Amino acid sequence: MELVTNSLKILNEEDKKDLDVARISEDEKSTASRKLYIESYGCQMNFADSEIVASILRENDFATTSKIEEAELILLNTCAIRENAEQKVRHRLQHLVPMKNKRKNVKIGILGCMAERLKTKLLEEEKIVDMVVGPDAYRDLPNLINEVEEGHKAVNVFLSREETYADITPIRLDSNGVTAFISIMRGCDNMCSFCVVPYTRGRERSRDAHSIVKEATDLFNQGYKEVTLLGQNVDSYKWQSADGSTVTFANLLEMVAQVSPDLRVRFSTSHPKDITDEVLYTMKKYDNICKYIHLPAQSGSSRILELMNRTYDREWYMGKIDRIREILGEECGISQDMIAGFCTETEEDHQDTLSLMDYVKYDYGYMFAYSERPNTPAAKKLTDDVPDDVKGRRLAEIIAKQREHSLERNQMSVGKTYKVLVEGFSKRSQEHLSGRNDQNKMIIFPKENFQKGDYVNVLVTECSSATLIGHIVA
């Protein structure tokens, strides 16, 4: 997935997570005798995977806890998309050494992309780690835990061509009870030269469409009002049923939208080469499909895009933006990923990125300096030759440009009324609520008599580059 938490995102204060802090498991009401603590790093797919892990281990007498000191099993679900992400996990492991020394019964496992990338090397380098488990091996966790309890180190980093965990009902961790993720596919076939995902998550597999619709239906019946369909590249979703018919992403989007008009539907991430007019027209057809698209560009330079193996050039990407605006209107929210300082990037290439941003005027974005990842095509064939100070300066200019555009786009919302799903209290005040509009922008407003899960109409009266502020209207 291209959207990563250890990048810099320009967005509203309400939606902003501390990108350096992991998401942790919550206290689960259960009669289970054993406690499980999970920290999740990285993209939304990792958070969704942690919910699958919690479900698998619930069947083995584990209940999640938010208190690490209570747990006998500690799992870190990791990201490998940047060096900084892996260093964060290593630092966390060092902090756990005293606990491990004091509580000999505590077992520690590394899950996810970092586990898949480093494999047994992790056990050699991080002595407190008891097991290493890749993204496709979570069903094997009970067996691996047994191995560890028998005094052995345990590893399973087998990558599957079939595993989708379609039959497992996730346990919602860190949930507001209103919004939820649904994983619709796993892996990636795109082979962007800078990216480790195809090597850490395997080849692309699409999940049974009927199981996705059932999960969405079950969530709605439990009181959830919004689902986000997740995949490394959702637009390449393709599932073939027993009768030979093919379900595309546009078909799936429609199927989920038809669960209920009161169930909002979002999705992430879209690869520009795969998002089709059929998807855009499906979004237009259903009011409950949010008019927001995360469409990573990564660079505005055609030369750099070719080196990145993005399979499109600058003009093609701009044409896709034009098509989105033509079908869904100027107000459709669009966000980006941008990499500053990719291999051989010149000042002219950088200026192409800034001018692309001027053309699109993204609502917000995720921006970071290039970080070479071992064994990727870029690491093998290209030279990471842009100095760190130049990367930093270019990144700062991209961020400044995005702030300018975020403010401009938010100012378009002042004086307009939006349907907002209340997700909870404002982080700054219990007297205010917050929720997102169609364009994925968080709006803050006085709570009056409303509560989490309600739909309200909010008139926007002011804004910053990060936040919309308003009040409820009839």
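Residues numbered from 1 in each chain as written. Predicted model: local features only at pLDDT ≥ 70, side-chain atom pairs only at ≥ 80, totals over all residues. Heavy atoms only, no water.

A. Quick look at the packing of helix H9 (residues 277-285) against helix H11 (residues 314-328). Close contact between H9 and H11 brings their axes to 9 Å; oriented N to C, the two are set at 30°. The angle between the axes of H9 and H11 places the two elements in the roughly parallel class. For the pair H9 and H11, the crossing hand works out as right-handed. Here Asp 277, Leu 280, Tyr 281, Met 283 and Lys 284 of H9 lie close against H11, whose contacting residues are Arg 323, Ile 324, Ile 327 and Leu 328. Here the residues of the contact of H9 with H11 sort into six nonpolar, no polar and three charged. (Axes fitted to C-alpha atoms, helices over the stretch in contact; angles between N-to-C directions. Helix = DSSP H or I, 4+ residues; strand = E, 2+ residues; numbered from the N terminus. Parallel < 35°, antiparallel > 145°, perpendicular 65-115°, else oblique. Left-handed = near helix turned anticlockwise from the far one by under 90°. Contact = heavy atoms within 4.5 Å. Nonpolar A, V, L, I, M, F, W, Y, C, P; charged D, E, K, R; others polar.)

B. The arrangement of the packing of aromatic side chains in detail. By the definition in use, this model includes seven aromatic pairs. Summarising the aromatic geometry, the rings of Phe 249 and Phe 267 are spaced 5.2 Å apart at their centres and angled 75° between planes, so their arrangement reads as edge-to-face. Here the residue Phe 249 occupies a position in helix H8 (residues 249-257), and Phe 267 occupies one in strand S15 (residues 264-268), the gap between them amounting to 18 residues. Note on accessibility: Phe 249 and Phe 267 belong to one class, buried. An aromatic cluster is defined as three or more aromatic residues linked by ring pairs; in this entry it consists of Phe 194, Phe 342 and Tyr 370. The ring of Phe 47 is capped by Arg 23, whose NZ or CZ atom sits 3.9 Å from the centre of that ring. The ring of Tyr 455 has Lys 419 sitting right over it, with the charged end atom 4.4 Å from the ring centre. (Phe/Tyr/Trp six-rings, centres within 6.5 Å; stacked < 30°, edge-to-face > 60°. Buried < 20%, exposed > 50% of the residue type's maximum accessible area, 1.4 Å probe, protein only. Lys NZ or Arg CZ within 6 Å of the ring centre and 35° of its normal.)

C. Representation of the nonpolar core in the model. If you look at the biggest cluster of nonpolar residues, it comprises 69 residues, and the most contacted ones within it are Ile 184, Leu 229, Tyr 237, Phe 249 and Ile 293. With 24 residues, the next largest nonpolar core counts Ala 54, Met 131, Ile 168 and Leu 173 among its residues. (Core = buried A, V, L, I, M, F, W, Y, C linked by side-chain atoms within 4.5 Å.)

D. A look at unusual backbone geometry. A cis amide bond links Ser 268 to the next residue, Thr 269, at an omega of 10°. Tracing the chain through its elements places Thr 269 in the loop between S15 and H9. Positive phi is not limited to glycine here, since Thr 311 has a value of about 70°. Turning to its location among the elements, Thr 311 is positioned in the loop between helix H10 (302-307) and H11. Judged by relative accessible area, Thr 311 falls into the exposed class, the value being 51%. Residue Asn 440 is not a glycine yet carries a positive backbone phi of 70°. Among the secondary structure elements, Asn 440 is positioned in the loop between strand S20 (432-436) and strand S21 (442-446). For Asn 440, a relative accessible area of 6% puts it in the buried group.

E. Just the pairing of S21, in detail. With four of its five residues buried, S21 lies for the most part within the structure. Of the strand pairs in this sheet, S20 and S21 are connected by five bridges, and their pairing is antiparallel. Directly across from Leu 433, in S21, lies its bridge partner Phe 445. Where S20 folds back on S21, the antiparallel hairpin that results is connected by five residues, among which Asn 440 adopts a positive phi of roughly 70°. Judged from the two bridges that link them, S21 and strand S23 (residues 468-473) form a sheet pairing that is parallel. For Ile 444, the partnering residue across the bridge sits in S23 and is Ile 469. (Pairing = 2+ DSSP bridges.)

F. Layout of the sheet that holds S20. Sheet architecture is closed into a barrel: five strands sit in the order S19-S20-S21-S23-S22, paired in mixed fashion. Pairs of neighbouring strands in the sheet enclose a mean axial angle of 55°, with direction left out of account. Two strands pair when backbone bridges link them, and strand S19 (residues 417-425) and S20 are joined in this way by four bridges, in the antiparallel orientation. Paired with Phe 425 across the two strands is Leu 433, which belongs to S20.

G. Layout of the sheet that holds S15. The parallel open sheet is built from three strands, whose spatial order is S9-S12-S15. In this open sheet, the two edge strands, each paired with only one partner strand, are strand S9 (179-183) and S15. Looking at each pair of strands side by side, their axes are set apart by 25° on average, direction ignored. Here helix H1 (residues 44-58) sits on the sheet and contacts S9, strand S12 (226-230) and S15; the angle it forms with S9, its principal contact strand, is near 90°.

H. Layout of the environment of Ser 413. Tracing the backbone shows Ser 413 in the loop between helix H14 (388-411) and S19. Considering only alpha carbons, one finds Ser 413 and Thr 346, 67 residues apart in sequence, at a separation of 36 Å. Once residues lying within four places of it in the same chain are set aside, the contact partners of Ser 413 are Tyr 418, Lys 441, Val 460 and Leu 468. Within the structure, the side chain of Ser 413 is placed 3.1 Å from the side chain of Tyr 418, a separation counted as a polar contact. (Polar contact = N/O pair within 3.5 Å; in protein donor to acceptor, adjacent residues only side chain to side chain.)

Shape is all these values report; function is a separate question.
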